[in-house]
Number of protein chains: 2
Amino acid sequence: MTDIDQNIPDSESSDKRLNPRQQQIFKKRQVMIVKKASRLFIKKGYSQTSMRDIANATGINLGNLYHYISGKEDILCIAFNNYHNLVMEFVIKNDILNIQEPEAKLKAVLRQSLEITYDFRNDLLMMHRETRVLPRKFLKIILKKESEFVRLFEDIITRGVESKAFKVSDPFFAANMLVFQISFYALRSWNLKQFTREEFLDMAEETILRAIIPDAM
Amino acid sequence: MTDIDQNIPDSESSDKRLNPRQQQIFKKRQVMIVKKASRLFIKKGYSQTSMRDIANATGINLGNLYHYISGKEDILCIAFNNYHNLVMEFVIKNDILNIQEPEAKLKAVLRQSLEITYDFRNDLLMMHRETRVLPRKFLKIILKKESEFVRLFEDIITRGVESKAFKVSDPFFAANMLVFQISFYALRSWNLKQFTREEFLDMAEETILRAIIPDAM
DNA sequence: AGTCAAAACAAACGTTTGTTTTATTATTAA
DNA sequence: TTAATAATAAAACAAACGTTTGTTTTGACT
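Residues numbered from 1 in each chain as written. Chains lettered and ligands numbered in written order. Predicted model: local features only at pLDDT ≥ 70, side-chain atom pairs only at ≥ 80, totals over all residues. Heavy atoms only, no water.

Comments concerning the overall build of chain A
- In terms of helices and strands, chain A carries 11 helices and 0 strands.
- For chain A, the α and β elements follow one another from N to C terminus as α-α-α-α-α-α-α-α-α-α-α.
- Put simply, chain A has 217 residues, and 48% of those count as buried.
- Within chain A, counting contacts between residues at least 6 apart in sequence, those at least 24 apart form 70% of the total.
- Taken as a whole, chain A presents about 10,900 Å² of accessible surface, with 51% of it coming from carbon and sulfur. (Helix = DSSP H or I, 4+ residues; strand = E, 2+ residues; numbered from the N terminus. Buried < 20%, exposed > 50% of the residue type's maximum accessible area, 1.4 Å probe, protein only. Contact = heavy atoms within 4.5 Å. Areas by Shrake-Rupley, 256 points an atom, 1.4 Å probe, with all protein chains shown as cover.)

This is how it looks when you write it as structure tokens:
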């Protein structure tokens, strides 16, 4: 808890004096714990997953778990943080943000986002379900990151409206709806199994764009 | 648990021989318990709400709670069931389903659904978060009801496509996306507080329809 | 060989959980 | 009134929880 609160990003705390070799091992174990625990949270839910379950899954002794993480809540916080960092990394990379034409830029960012949320649908669903467990302080940080993500799209849409490439009555509302739609597959995959990944991505992209671009498709 | 599993709808079990007066009181208390418990689930989450919390909130003694409900899980199941019954009741009533023109019918059902999910946003959000807790058997029933709701829209869309009033490439996909979008406010209200109820409903309706009706708005 | 801190371990801590039971009081019906 | 029924409060229950403890093993450096 303390660890994450003071140092949100990735628990680069390394307070203890450790040589680089040891730090690397320490880090690797922590990553492994978060990864295995996340799988359990996905399968059984956070509350229904005990520290003993995590100990079994990681092969690390129960008491010894607490050398690598400071508590159960921390594991969830780190998982949230890892995901949001990953999304922002992927979306911002590749010079996508340097595209000038609004329509091309929107399509590029949207497609990239759709692909990520498709591939990480299980993690995303878990996070949707377990938001309530996050400490208030950390929740605020997550919501802030989320609204930055919305603003990213809001800016693109606003620019597109100015250049008459898009037609929406409220860019902020449209951006919110768009971001919501991006998580479509994660929350509704149980009823969408019949589509292949590419089929889904194409249809989702088309459907989402139709609300923004006039006579799209 | 047993109670709900054998008799899904509304636990009209009344196994015990009770006169009508007693049955009514029994029913009234049960409804009260589920309502108060749901408020707690919304505020604190299912796992973080104890039976002692529910006893305090209802004013019913802890031990005596078990005369009205057969367990904690049952309360959640009944809450899920009540909501789905309510939605179907509202959507089907008012002869909306008798409307022949696809566009008018779609608009009517959509508007009705948007209003319900707006007004019951807290319950809907809670149900999204606590789905994992449901017993498998009951979850199946809920998912079935949900896909019937999707099919309702799928049929309308299919009819509209045939009459060339609508234009979508895959009615099933479109219906799924539409139903998903209906729960927009419940899952994103934290970033949509700036809109009034009517503002939101109008914009949501417009945005959703644009993906289905050509040159809508 | 000796030192020391990190890692591993089993065991236990103190709570809290959902649920049941018991003994006592209030309410109701005949 | 009397006998059955319901409601209450309190305690008890076993199980599970997250976390801490004291001790032992390991492994690298003096």
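As for the protein's contact with DNA strand C
- In the region of DNA strand C, 16 residues are neighbours, and R29 and N64 of chain A together with R52, Y66 and K72 of chain B sit closest.
- Sugar and phosphate atoms form 55% of the subset of DNA strand C atoms that lie within 4 Å of the protein.
- A distance of 2.3 Å separates a phosphate oxygen of DNA strand C from a polar atom in the side chain of N64 of chain A.
- With respect to DNA strand C, the side chain of K72 of chain B contributes an N or O atom lying 2.7 Å from a phosphate oxygen.
- Elements represented by at least two residues in the surface near DNA strand C include exactly α4 (62–68) of chain A together with α3 (51–58) and α4 (62–68) of chain B.
- For the surface near DNA strand C, the leading source of residues is α4 of chain A, giving 4 residues.
- In the surface near DNA strand C, the residues fall into 4 nonpolar, 8 polar and 4 charged. (Near = heavy atom within 4 Å. Polar contact = N/O pair within 3.5 Å; in protein donor to acceptor, adjacent residues only side chain to side chain. Nonpolar A, V, L, I, M, F, W, Y, C, P; charged D, E, K, R; others polar.)

A short note on the relation of the copies chain A and chain B
- Take chain A, turn it by 180°, move it 0.0 Å along the axis, and it overlays chain B with an RMSD of 0.1 Å. Taken together, the turn and the small shift mark the pair as related by a two-fold rotation axis. Across chain A, the smallest distance between a C-alpha and the rotation axis is recorded for R129 of chain A, namely 2.2 Å.
- The share of interface residues of chain A whose copies in chain B are also at the interface is 100%, consistent with both copies meeting through the same surface. (Least-squares fit on C-alpha atoms with pLDDT ≥ 70 in both.)

Some details on the protein's contact with DNA strand D
- Around DNA strand D, a shell composed of 16 residues is seen, among which M51, R52, Y66 and K72 of chain A together with N61 of chain B lie nearest.
- A share of 50% of the atoms of DNA strand D within 4 Å of the protein falls on sugar and phosphate groups.
- With respect to DNA strand D, the backbone of T49 of chain A contributes an N or O atom lying 3.4 Å from a phosphate oxygen.
- Within the side chain of N61 of chain B, one N or O atom sits 2.9 Å away from a base nitrogen of DNA strand D.

Section: helix α9 (residues 171–182) of chain B
All names here are of chain B.
- Its 12 residues place the ends of α9 16 Å apart at the C-alpha level, agreeing with the 16 Å of an ideal helix rising 1.5 Å per residue.
- Most of α9 sits inside the fold, with 12 of its 12 residues counted as buried.
- P171, F172, F173, A174, A175, N176, M177, L178, V179, F180, Q181 and I182 are the residues of α9 that are buried. (Expected span 1.5 Å × (residues − 1).)

Here's the deal with empty space enclosed by the protein
- Per the stated rule, a full pass over the model turns up 5 cavities of 30 Å³ or more.
- Considering the residues around the largest cavity, the lining is formed by M203, E206, T207 and R210 of chain A together with K167, V168, S169, D170, F173, A174 and A211 of chain B.
- At the level of secondary structure, the elements contributing two or more residues to the lining of the largest cavity comprise α11 (197–210) of chain A together with α9 of chain B.
- Here the lining of the largest cavity takes 4 residues from α11 of chain A, the largest share from any one element. (1 Å grid on protein atoms, 1.4 Å probe; cavity = no way out; pocket = protein on both sides within 12 Å on 5 of 7 lines; lining within 4 Å. Points joined across faces, edges and corners; volume = space filled by probe spheres on them.)

Focus on the nonpolar core
- One finds I54, F153 and F200 of chain A together with I54, F153 and F200 of chain B to be the most contacted residues of the largest nonpolar core, which totals 136 residues.
- Setting aside anything within four residues of it in sequence, one finds F200 of chain A in contact with Y118, F184, Y185, L192 and F195 of chain A together with F173 of chain B. (Core = buried A, V, L, I, M, F, W, Y, C linked by side-chain atoms within 4.5 Å.)

What to know about the pattern of salt bridges
- Enumeration according to the criterion identifies 20 salt bridges over all chains in this entry.
- For E205 of chain A, the salt bridge is made with R111 of chain A, and the minimal N-O distance between the two is 2.8 Å. Highlighted residues: E205 of chain A in helix α11 and R111 of chain A in helix α6 (residues 102–119), separated in sequence by 94 residues.
- In this structure R111 of chain A comes out as buried when scored by relative accessible area, which is 18%.
- Residues R111 of chain B and D202 of chain B are paired through a salt bridge, measuring 2.9 Å at the closest nitrogen-oxygen approach. Of the two residues, R111 of chain B sits in helix α6 (residues 102–119) while D202 of chain B sits in helix α11 (residues 197–210), which places them 91 residues apart along the sequence. (Salt bridge = Lys/Arg side-chain N within 4 Å of Asp/Glu carboxyl O.)

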